[in-house]
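Analysis of the macromolecular model
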Amino acid sequence: MGFTLIELMITIVVLTVLVSMSTPLFNVLDQRRVAAAGEAIYSDLQFARSESIKQSRDMFVRVSSNGGRDWCLGVSENANCDCTVSDPTAANACVLSFDGSDNLLLKTLHSADFNGAIMDPADFDFPFDGVRGMLVGVNNNTIKLHSEKGRQLNVIVSRMGRARICSPNVEIQGYPPC
């Protein structure tokens, strides 16, 4: 009517094997969450730089973080835009207009899109020059991301306006050490 000792032992062994196989999967998911946030930030920085050159006007990337799970990034033609604003018609929204039209594009990233990616405290703008796409009045800036398990990824923008991604503790595969 019950289970024999051998049946219980086989069940425990099978469960142990399954759990040990799933543990690396959780580590990979943790890495990918931080990497996805870093890649999205890198992409928006490259977009802002290329648009500043293409449109021959300054572009700004606003980064705001309270040092936790609540962070945002916005690309705008206006300095000090508020990346938390979701209405593109608001005066302080992070928006872009193309070809002088009234159509506004809200260009923001939010931490809610990258569950598990935590940004170190930040409150600054990346101002890209409209002639060469260089940072104006700013030296190197670094956006630091990490996961709950301590996996770190940095997005660094040089004074020349070039962005790169690196991993300070080399725990996220595919990225060079910082």
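Everything discussed here concerns the structure shown above.
Residues numbered from 1 in each chain as written. Predicted model: local features only at pLDDT ≥ 70, side-chain atom pairs only at ≥ 80, totals over all residues. Heavy atoms only, no water.

**What to know about the pairing of strand S9 (residues 152–157)**
- Most of S9 is tucked away: 5 of the 6 residues are buried.
- Bridging between strand S8 (residues 141–146) and S9 involves 6 bridges; their strand directions are antiparallel. Looking across to S9, one finds that Thr142 is bridged to Ile156.
- In textbook terms, the turn of a hairpin is the stretch between consecutive antiparallel strands, and for S9 and strand S10 (residues 163–166) this stretch comprises 5 residues, one of which, Gly161, has a positive phi near 90 degrees. (Buried < 20%, exposed > 50% of the residue type's maximum accessible area, 1.4 Å probe, protein only. Helix = DSSP H or I, 4+ residues; strand = E, 2+ residues; numbered from the N terminus. Pairing = 2+ DSSP bridges.)

**Observations regarding the sheet that holds strand S1 (residues 59–65)**
- Across the sheet, 4 strands lie side by side as S5-S2-S1-S7; this open sheet has antiparallel pairing. Two strands bound the open sheet, and with one partner strand each, they are strand S5 (108–110) and strand S7 (122–128). Neighbour-to-neighbour, the strand axes of the sheet open up by a mean angle of 10 degrees, direction not taken into account.
- Where S1 and strand S2 (residues 71–76) come together, 6 bridges link them in antiparallel fashion. Bridge pairing links Arg62 to Gly74 in S2. (Axes fitted to C-alpha atoms, helices over the stretch in contact; angles between N-to-C directions.)

**A closer look at the pattern of salt bridges**
- For the structure shown, the criterion picks out 6 salt bridges.
- Between Glu77 and Arg57 there is a salt bridge, and its shortest N-O distance comes to 2.7 Å. With a gap of 20 residues between them, Glu77 in the loop between S2 and strand S3 (95–97) and Arg57 in the loop between helix H1 (5–55) and S1 connect regions that are remote in the sequence.
- When its relative accessible area of 29% is taken as the criterion, Arg57 is described as partly exposed.
- Taken together, the salt bridges that share partners define one network made up of Arg62, Asp123 and Asp125. (Salt bridge = Lys/Arg side-chain N within 4 Å of Asp/Glu carboxyl O.)

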